[in-house]
Amino acid sequence: DFVALTWSDGVYQTELGLEAGRLHRITETQRQLSSCPVLFAWDGQRYAFVSDLLGVGGMGYFVEPGVYAPPRPWENFLLPDGLLQPREGRYRLKIGEPMEEAAYLDSMRLAAWDLPPGWSMVLDERMGILGPEPTGDAVFYRELRLPGRATDTQGRDVTAAVTKADLHAPAVGELDRRFIGRLREPQLLTLEFDAPLDRPGASPVLVIDGWVEYPYSQTMFAAWQAAADYRAPTLQARDADGRWHTLMEQFGYPAGMPRRMSVPLGKLPAGTDALRLSTNQEIYWDRVAVVYSEPPPAAVRHELPLSDAEVRFSGFALRTTGSQRQPHYDYDRRSPLWDTRHMRGHYTDFGRATELLAEADDALAIIGPGEEVHLEFEDDLPQLRSGWQRHFVLESRGWAKDMDLYTEHGNTLEPLPDSGRPAARRDELHERYNRRYRSGI
């Protein structure tokens, strides 16, 4: 009936209807095995793809023998302006798993920020490496500075590519084909500004739209064997005398698929008129800007009640990938089947699971390949004042894990993540909701 193969890089593949008595040549299908859960939002017409979520919360990620990266089990995500629209009195979001992995979702909150005219916001969010640590807090600003000129490693002008968030970034350079997400030579991006960025008493913040091609655990194992390092972005500043100073070494990067990140710049050298980013990771810088953080005079935060959460089988949204690895998932084009396996363990029953996601209590809604958590938040927001802007932030808490050959405990859902909270409530909810056993295909 079928032939099932597991290739040496961990890709699982089935071939149907192969006639007996004949030799068949089978080629490995190249596909995205895992990443982290993906987010869809109702935009008034359809469930639009937004990005991925909780890549910072990956469990069991291999760094070197005996060492695994600690997960950060939360991420705040600023939704694109104007995207989320109410439907029948509720805002609707979906967190899905169209890949071979599992998501462990603890709590979901939707916040709305109302800002007066002339104000904008970004979040202190990124994949943090050597610091400063992200806080997830809102950063408010009135002034945004784009570079007057930007050049790449070869000195080519790439200003147009980094001054607009349009999913078109400067070329990253030649890839190191031995590994995923690594370059043969570091890429440099030099940003020159028309006037100095340092000001007395100012709080400058670097804001970046972009995305990264993540390496996986087996990639990191291969890189460890070859003594080939991954160097996260380092930021330098040029002072009035033309000297370069290192501001932050390996501070971090956009935590997955296209999104907006920021990092505070701290005290800049006198007369800073240029910034330079360097990394050997395959990171795509879509738009880079500097803003000045200020406390807004009258920002208002609303938290929308979680009305309903359901675990559903959704199928596998069709993925397409652009020329610069820009991912896109089409929720309207879903397949009921895909070549995926399930980690052994008890997943959340299909149906309502609001109790599991209402509070951060380690009681987890657990979903696997082809499944989703459908979220609805009550639209009880006041009417927006004239000229004001409303921004939505999804405040998520949870973890993710893939089935990579070198991911710790990659074949089982357990051990379940535990933040140390009292276990009684968690255990009672798990016994009621997490009874659906899956294993293998």
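Everything numeric in this text was worked out from a predicted model, so none of it was measured. (Residues numbered from 1 in each chain as written. Predicted model: local features only at pLDDT ≥ 70, side-chain atom pairs only at ≥ 80, totals over all residues. Heavy atoms only, no water.)

## Concerning the sheet that holds strand β17 (residues 234-238)
Reasoning step 1: With antiparallel pairing, the five strands of this open sheet are ordered in space as β14-β15-β21-β17-β18. In this open sheet, the two strands that pair with only one neighbour each are β14 (149-151) and β18 (244-248). Between one strand and the next, the sheet's axes are offset by a mean angle of 25 degrees, whatever the strand orientation.
Reasoning step 2: Inspection of the sheet shows β17 paired to β18 by four bridges, in the antiparallel sense. Along β18, the bridge assignment pairs Q236 with T246. (Pairing = 2+ DSSP bridges. Helix = DSSP H or I, 4+ residues; strand = E, 2+ residues; numbered from the N terminus. Axes fitted to C-alpha atoms, helices over the stretch in contact; angles between N-to-C directions.)

## Here's the deal with the packing of aromatic side chains
Reasoning step 1: With the rule as written, the count across this model stands at 15 aromatic pairs.
Reasoning step 2: Summarising the aromatic geometry, the rings of Y47 and Y331 are spaced 5.6 Å apart at their centres and angled 65 degrees between planes, so their arrangement reads as edge-to-face. On the criterion of sequence distance, the pair formed by Y47 in strand β4 (residues 47-52) and Y331 in strand β26 (residues 327-335) is long-range, its members being 284 residues apart. The same class applies to Y47 and to Y331, which are both buried.
Reasoning step 3: Both rings, one in W211 and one in Y284, keep their centres 5.4 Å apart while their planes meet at 15 degrees; by these two values the pair is stacked. Within this pair, whereas W211 is found in strand β16 (residues 204-212), its partner Y284 is found in strand β22 (residues 283-293), the two being separated by 73 residues in sequence. As far as the burial class goes, W211 and Y284 line up, both buried. (Phe/Tyr/Trp six-rings, centres within 6.5 Å; stacked < 30°, edge-to-face > 60°. Buried < 20%, exposed > 50% of the residue type's maximum accessible area, 1.4 Å probe, protein only.)

## Here we look at helix α2 (residues 217-226)
Reasoning step 1: Buried residues of α2: S217, T219, M220, F221 and A223, and no others.
Reasoning step 2: As for α2, its buried residues are in contact with β5 (61-64).
Reasoning step 3: Trailing α2 by a residue or two, A227 shows a phi angle of about 55 degrees, which is positive. (Contact = heavy atoms within 4.5 Å.)

## Quick notes on empty space enclosed by the protein
Reasoning step 1: For the coordinates displayed, the defined rule picks out three cavities of 30 Å³ or more.
Reasoning step 2: Taken as a whole, the largest cavity spans an internal volume of roughly 120 Å³.
Reasoning step 3: What lines the largest cavity is a set of 13 residues, and nearest its centre among them are Q32, S35, V212, E213 and M257.
Reasoning step 4: Of the residues assigned to the lining of the largest cavity, the class counts are six nonpolar, three polar and four charged. (1 Å grid on protein atoms, 1.4 Å probe; cavity = no way out; pocket = protein on both sides within 12 Å on 5 of 7 lines; lining within 4 Å. Points joined across faces, edges and corners; volume = space filled by probe spheres on them. Nonpolar A, V, L, I, M, F, W, Y, C, P; charged D, E, K, R; others polar.)

## Re the nonpolar core
Reasoning step 1: Membership of the largest hydrophobic core comes to 36 residues, with the highest contact counts inside it found for L79, L93, L110, L357, L375 and F377.
Reasoning step 2: Core analysis: the next-biggest nonpolar cluster, separate from the first, contains 31 residues, Y253, V263, L265 and V288 among them. (Core = buried A, V, L, I, M, F, W, Y, C linked by side-chain atoms within 4.5 Å.)

## Observations concerning the layout of surface pockets
Reasoning step 1: Considering only enclosed or pocket space, the largest pocket measures out at about 970 Å³ in volume.
Reasoning step 2: Along its surface, the largest pocket is lined by 42 residues, and Y61, A69, M127, I129 and Y253 are the ones closest to its centre.
Reasoning step 3: For the lining of the largest pocket, the element with the highest residue contribution is α2, accounting for four residues.
Reasoning step 4: By residue class, the composition of the lining of the largest pocket is 24 nonpolar, ten polar and eight charged.
Reasoning step 5: Here the second largest pocket is characterised by a volume of approximately 740 Å³.
Reasoning step 6: Residue lining of the second largest pocket: 29 residues in total, with Q30, R31, I180, E213 and Y216 positioned closest to the centre.
Reasoning step 7: Residue assignment for the lining of the second largest pocket shows that the elements contributing at least two residues are α2 and β25 (316-321).
Reasoning step 8: Looking at the lining of the second largest pocket, the element that brings in the most residues is α2, giving three residues.
Reasoning step 9: When grouped by side-chain class, the residues that make up the lining of the second largest pocket number eight nonpolar, eight polar and 13 charged.

## Quick look at the sheet that holds β22
Reasoning step 1: Strand order across the open sheet formed by five strands is β11-β13-β22-β16-β20, with antiparallel pairing between neighbours. The open sheet terminates on both sides in strands that have one partner only, identified here as β11 (120-123) and β20 (259-264). Across the sheet, the axes of successive neighbouring strands diverge by a mean angle of 50 degrees, strand direction being ignored.
Reasoning step 2: As judged from the four bridges shared by β11 and strand β13 (residues 138-145), these two strands associate in the antiparallel manner. In the sheet register, L123 faces β13, and the bridge partner there is A138.

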